[in-house]
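Results of the structural survey
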Amino acid sequence: PPNVSVPGPCDPEDLLDGVVFGAKYLGSTQLVSERNPPTSVRMAQAQEAVDRIKAPEGESQPMTEVDLFVSTQRIKVLTADTQEAMMDHSLQTISYIADIGSLVVLMARRKLPRQSEVTEEKRLYKMICHVFHSADAQIIAQAIGQAFGVAYQRFLEANSIDPSQLSPRQYSHALEDQEQYNAELNHFSRQENCKDVCIRKQKGEILGIAIVESGWGSILPTVVIANLMHGGPAERSGELSIGDRLMSVNGTSLVGLPLHTRQSIIRELKHQPEVTLNIVHCSPVTTAVIRRPDSKYQLGFCVENGVICSLMRGGIAERGGIRVGHRIIEINGQSVVATPHEKIIQILTQAVSEVHIKTMPASTYRLLTGQEQPLFL
């Protein structure tokens, strides 16, 4: 269906790029909530946030002039004068929007640390509640709701899904039938694949490795060795290969850290004559297996020029091992390295039954194909 079918105060096409509303920021507070409480509970939470932040009658209310940026991807709060981002939430983390008179309450979800004894339904989430004042409060709330509608419609179009052909219950059954497939988990659990590598080098000499992210959704989010400097200490050791996961250096874990932090940790090893790396030997190529009974079932991920750019949480693709930031190399035995974007979409759209997809981190692919120069550490 065309975008014009999504009702709301904005032109749906404008929401793809983003629409800006003027408002006054009153403040933020945190609440703890279940994942999907009834609307009446959400509304009570919004009112509680307002009560916490709004100054008592007769007292002056601190306010900051801001611009609210609303799009199908993100909601940002920008300072009105410098346009610096005060807050930035991806649309999918927004749980509720309420307009109370001239006030807008924006509620974003953050998951609390998991507790093993708590069931999925009872798990608690931290809600970050932002409160704004605007004469257009109702219009702002409607625009955010419209952004959700346009984003969902674009998702269906990208995956060639006709929503009238597929009920949520049908898709739930398809999910239940698919077991979690993850070759990583089996691979990482085998002791023979994990080892410590001791690299001896000259003081002041770099290790000679280039690293990239392992990809969002990886069982162990760490870095992948994407290249080895010719003649460098890492290559001379003969113990490392492209694709190996780097778990720790000299006992310092790299799991879950930002890429720039990991790079800094490795750079600091330059003046040490001996470095111990804990690695998991891995192939640079990862295989995902997606069980898709029929083409009407959405795969649950988006591709742009061969690179997986977004992934639906809990969908059949995530369960099958698909990772954001990976480049698709092969689909069901057919290489798509030099295949145009439209052809890749066509192959994925028509793929059914058990779909085997081979991928590698897009950064590794660009280095191996000479599209980028490696940054050796």
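Residues numbered from 1 in each chain as written. Predicted model: local features only at pLDDT ≥ 70, side-chain atom pairs only at ≥ 80, totals over all residues. Heavy atoms only, no water.

Bringing the overall build of the protein into the picture now. Counting secondary structure elements, the protein contains 10 helices and 19 strands. In the protein, the proportion of contacts linking residues at least 24 apart, taken out of those at least 6 apart, comes to 69%. Of the roughly 19,200 Å² of accessible surface on the protein, a fraction of 49% belongs to carbon and sulfur atoms. (Helix = DSSP H or I, 4+ residues; strand = E, 2+ residues; numbered from the N terminus. Contact = heavy atoms within 4.5 Å. Areas by Shrake-Rupley, 256 points an atom, 1.4 Å probe, with all protein chains shown as cover.)

A word on the confidence of the model for the protein. Summarising the model, the protein shows a mean pLDDT of 80, and 84% of its residues fall at 70 or more. Below pLDDT 50 for its whole length, residues 116-121 participates in three contacts with residues either more than four positions away or in separate chains. (pLDDT = per-residue confidence, 0-100.)

One finds Leu-15, Phe-21, Leu-68, Ile-97, Leu-106, Phe-132 and Ile-144 to be the most contacted residues of the largest nonpolar core, which totals 27 residues. Among the elements that make up this core, the one with the highest residue count is helix H3 (residues 137-158) (seven residues). (Core = buried A, V, L, I, M, F, W, Y, C linked by side-chain atoms within 4.5 Å. Buried < 20%, exposed > 50% of the residue type's maximum accessible area, 1.4 Å probe, protein only.)

Our next topic: the packing of aromatic side chains. For the structure on display, the rule yields one aromatic pair. Judged by centre distance (5.7 Å) and plane angle (50°), the ring pair of Tyr-25 and Phe-132 falls under tilted. Of this pair, Tyr-25 sits in strand S1 (residues 19-34) while Phe-132 sits in strand S7 (residues 124-133), placing them 107 residues apart in sequence. The pair Tyr-25 / Phe-132 is uniform in exposure class, with both members buried. (Phe/Tyr/Trp six-rings, centres within 6.5 Å; stacked < 30°, edge-to-face > 60°.)

Here helix H2 (residues 39-53) contains 15 residues, and its C-alpha end-to-end distance of 21 Å stays within 8% of the 21 Å for a straight helix at 1.5 Å per residue. Looking only at H2, the buried set comprises Arg-42, Gln-45, Ala-46, Ala-49, Val-50 and Ile-53. Looking straight down H2, one finds that the buried residues subtend no more than 140° of arc, so they occupy a single side. For H2, the exposed residues lying more than 90 degrees away from the buried face are Ser-40 and Asp-51. (Expected span 1.5 Å × (residues − 1). Arc of directions from axis to C-beta.)

Such a bond, covalent and formed between the sulfur atoms of two cysteines, is termed a disulfide. Under the criterion given, the structure shown has zero disulfides. Lacking any disulfide linkage, Cys-194 is separated from the closest cysteine sulfur, that of Cys-282, by 8.3 Å. (Disulfide = S-S within 2.5 Å.)

Counted under the stated rule, the structure contains nine salt bridges. With a shortest N-O distance of 3.9 Å, Glu-65 and Lys-24 are connected by a salt bridge. On the criterion of sequence distance, the pair formed by Glu-65 in strand S2 (residues 64-70) and Lys-24 in strand S1 is long-range, its members being 41 residues apart. By relative accessible area, which is 48% here, Glu-65 ends up partly exposed. The partner of Asp-88 in a salt bridge is Arg-74, with the nearest N and O atoms 2.7 Å apart. Residue Asp-88 is found in strand S4 (residues 85-90), and its partner Arg-74 is found in strand S3 (residues 74-79); the two are separated by 14 residues along the sequence. (Salt bridge = Lys/Arg side-chain N within 4 Å of Asp/Glu carboxyl O.)

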